[in-house]
Amino acid sequence: MKILLIEDETELQKSIEQYLEMEGNIVEVSPDFHHAQQKIAIYDYDCILIDITLPNGSGLDLLKEIKLKKFKAGIIIISAKNSLDDKVNGLDLGADDYLPKPFHLSELNSRIKALIRRKSFDGNVEISINEIKILPNERRVLVHNQDVILTSKEYDLLLYFISNKNRVVSKSALAEHLWGDNSDRLDNFDFIYNHVKNLRKKLLEKKCEDYLTTIYGIGYNFKTQE
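Per-chain numbering applies: the sequence of each chain, read as written, is numbered from 1 onward. Where totals are concerned, whole chains, interfaces and linings use all residues; where local detail is concerned, this predicted model gives features only for residues with pLDDT of at least 70, and gives and counts side-chain atom pairs only at 80 or more. Note that water and hydrogens are dropped before the side-chain values are worked out from all heavy atoms of the structure.

K.L.:
Can you explain the sheet that holds strand 13 (residues 212–215)? Please cite residues and give values.
P.N.:
DSSP calls a pair of strands paired once it identifies at least 2 bridges connecting them. The secondary structure listing takes helices from DSSP runs of H or I that are at least 4 residues long and strands from runs of E that are at least 2 residues long, numbered from the N terminus. One open sheet accounts for three strands, arranged 12-14-13; its pairing is antiparallel. Both edges of this open sheet fall to strand 12 (168–170) and strand 13, since each of them pairs with a single strand only. Within the sheet, the average angular offset between the axes of one strand and its neighbour, ignoring direction, is 30°. When strand 13 meets strand 14 (residues 219–222), the two strands line up antiparallel, connected through four bridges. Lines fitted to the C-alpha atoms define the axes, with helices restricted to the stretch that makes contact. Angles between their N-to-C directions range from 0 to 180 degrees.

In structure tokens form, the structure reads like this:
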């Protein structure tokens, strides 16, 4: 998943970032209100973690901006301001969850996973698309009940395709999802072609239907009619 962490406490910021990256996520960090505004204006995210009290502004105002732009990102408020009013205001403005500080990083991780399942996969712990089965908690993929051994990037790519099935996904969107800010430094998207080629090859080797369609000059479409 691609996660934006909006948090100004340096130590907490680092510990959350390191923990979530160890779980296989791409994590980008905004330490203040204005920096977060810029990130939200430019990039898409699967999940946004927002502290209410920020330098130069309020996390609740950021939440309003996100909802006005109708982003599909899941939103979790993480804040030491644990009053009932703050919680109610955040949820009323459109936050999906509220986690008061201090919290265990494992709980935050579980809430992020649960939120993504609810928003992208109807709350299912197991994701099934015809002969493909994905077990997100294990980062495991099966085709016709046979394990498919994928690299981390191939797995992320497959999950992203399935969460955007039957829609054209551009190469730039794929690069941004897989590499975050680093995608801006890339000269071309040849590496996307290589990852897609390897993913398709591994799926076909297990007698999987070829769902991936190349939209030349644009990107890919994972076409499946369930």
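K.L.:
Give me the pairing of strand 2 (residues 26–30): which residues, what numbers.
P.N.:
Any residue under 20% of the maximum accessible area for its type is buried, any over 50% is exposed, and the rest in between are partly exposed; the area is computed with a 1.4 Å probe on protein chains only. Of all five residues in strand 2, five are buried; the element is thus mostly enclosed. Both faces of strand 2 are covered, namely the face carrying I26, E28 and S30 and the face carrying V27 and V29. Pairing of strand 1 (residues 2–6) with strand 2 involves five bridges; the strand directions are parallel. Looking across to strand 2, one finds that I6 is bridged to S30. Look down the strands so they point away from you; if going from the first strand over the helix to the second traces a clockwise path, that crossover is right-handed. Regarding topology, helix 1 (residues 10–22) serves as the crossover connection from strand 1 to the parallel strand 2, and that connection is right-handed.

K.L.:
Can you explain unusual backbone geometry? Please cite residues and give values.
P.N.:
Note: most residues except glycine have negative phi, and most peptide bonds are trans. In this model, K101 is joined to P102 through a cis peptide bond whose omega is -5°. Note on placement: P102 falls in the loop between strand 7 (97–100) and helix 5 (105–121). Unlike most non-glycine residues, N130 shows phi in positive territory, near 55°. Backbone geometry places R139, a non-glycine residue, at a positive phi of 50°. As for its placement among the helices and strands, R139 is situated in the loop between strand 9 (132–135) and strand 10 (140–143).

K.L.:
Go over the sheet that holds strand 10 with me, naming the residues and quoting the values.
P.N.:
Spatial ordering of the open sheet is given by 8-9-10-11, a layout of four strands whose pairing is antiparallel. In the strand order of this sheet, the two ends are held by strand 8 (127–129) and strand 11 (146–148), each with one partner. Averaged over all pairs of adjacent strands, the angle between strand axes in this sheet comes to 25°, irrespective of strand direction. Both strand 10 and strand 11 contribute to a ladder of three bridges, which runs antiparallel. Note that in strand 11 the partner of V143 across the bridge is Q146. Note on contacts: a residue pair qualifies if any of its non-hydrogen atoms lie within 4.5 Å across the two residues. Here helix 6 (residues 152–163) sits on the sheet in contact with strand 8, strand 9 and strand 10, set at roughly 115° to strand 9.

K.L.:
Talk me through the pattern of salt bridges; I want residue IDs and the actual numbers.
P.N.:
For side chains of opposite charge, pairing can occur when their charged atoms come near one another. Salt bridges are defined by distance alone: a side-chain nitrogen of Lys or Arg within 4 Å of a carboxyl oxygen of Asp or Glu. Using the criterion set out here, one finds 15 salt bridges in the structure. Across the pair E9 and K101 runs a salt bridge, and its minimum N-O distance is 3.1 Å. Taken together, the positions of E9 in the loop between strand 1 and helix 1 and K101 in the loop between strand 7 and helix 5 put the pair 92 residues apart, joining distant regions of the chain. Classification of K101 as buried rests on a relative accessible area of 15%. For the salt bridge of E23 with K113, the shortest nitrogen-to-oxygen distance reads 3.7 Å.

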